[in-house]
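Residue-level listing of the chains:
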Amino acid sequence: MQHLTGKRPMVSGGLATAVVLAVLASGCANMSEEQKSGTAKGAMIGAAAGAVLGAVTDGSKGAVRGAAIGAGAGALGGYVWSSRMEQQKREMEAATAGTGVAVTQTADNRLKLEIPSDISFDVGRADIKPNFRSVLDTFADGLKRNPAARVTIIGHTDSTGSDAVNNPLSINRAAAVRDYLVSRGVAVGRIAIDGRGSREPIASNATPEGRARNRRVEIFVAEQAS
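Residues numbered from 1 in each chain as written. Predicted model: local features only at pLDDT ≥ 70, side-chain atom pairs only at ≥ 80, totals over all residues. Heavy atoms only, no water.

Caption draft 1: Examining the pairing of strand E3 (residues 149-155) more closely. Taking burial as the measure, the 7 residues of E3 include 5 buried ones, the bulk of the element. As paired strands, E3 and strand E5 (residues 216-223) are joined by 7 bridges and run antiparallel to one another. The partner of Ile-153 across the bridge, within E5, is Ile-219. In this structure, E3 lies alongside strand E4 (residues 191-195), joined through 5 bridges in parallel fashion. Paired with Gly-155 across the strands is Gly-195, a residue of E4. Crossover E3 to E4 through helix H6 (residues 163-183) is right-handed. (Buried < 20%, exposed > 50% of the residue type's maximum accessible area, 1.4 Å probe, protein only. Helix = DSSP H or I, 4+ residues; strand = E, 2+ residues; numbered from the N terminus. Pairing = 2+ DSSP bridges. Right-handed = clockwise from strand over helix to strand, strands pointing away.)

Caption draft 2: Broad picture of the packing of aromatic side chains. Inspection of the entire model under this criterion finds 1 aromatic pair. Ring centres of Phe-121 and Phe-132 lie 6.2 Å apart, and the angle between their planes is 80°; this geometry places the pair in the edge-to-face category. Of the two residues, Phe-121 sits in the loop between helix H4 (117-120) and helix H5 (130-144) while Phe-132 sits in helix H5, which places them 11 residues apart along the sequence. Summarising the burial analysis for this pair, Phe-121 and Phe-132 share the class buried. (Phe/Tyr/Trp six-rings, centres within 6.5 Å; stacked < 30°, edge-to-face > 60°.)

Caption draft 3: Broad picture of the nonpolar core. The biggest cluster of nonpolar side chains holds 30 residues, and the ones touching the most others in it are Phe-139, Ile-153, Val-177, Leu-181 and Ile-219. At the level of elements, helix H3 (83-95), strand E2 (111-116), H5, E3, H6 and E5 are the ones that each hand at least two residues to this core. If we ignore the near neighbours within four places in the chain, the residues touching Leu-181 are Leu-136, Phe-139, Ala-140, Leu-143, Ile-153, Val-186 and Ile-191. (Core = buried A, V, L, I, M, F, W, Y, C linked by side-chain atoms within 4.5 Å. Contact = heavy atoms within 4.5 Å.)

Right, dumping it as structure tokens:
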């Protein structure tokens, strides 16, 4: 087995690109341009990761083999950023302007909404605040126009209280958002929920401001590349 010397293996961008082009040529004949774009991005990420791992374990030959495997996995598992996803992003940016809601496109082509506690939930509660409803109304309308999209809602809490309280509270917050979207006409089968309790803070729990940032809901929208 090759010993690691502390030096990182050099993997050329040309190798990953060449492998990706080969993968796409063999499997994208029936894709739209939007789907090809999303698949290519997933394939490129997978190729680069696979090449690095292969080079570490088996030198240059391993890099080529790893890039091919990674490209295939990335292409199959990627998300597509379609015109409908872009439209919904713009709609949500307009609907949430000035509210503190962060609307972004993630590195893997998902639409992410990060909803802070000051407009979503009171401390220790899972009841949706009135000013959160208008945001969710716009969000639901966009989802109904894009039936291919799937939604994941993740609830979070700050570290106040025990896991026995925070874990179910985070799930209940995600469930409250799901139930509201369903009431606005989004099919329940399109929505998955999860609760992370206080395990994934984005700020220090040592201050009131930090705890407020940690009490949040994250909503992800993804359109699978076919």
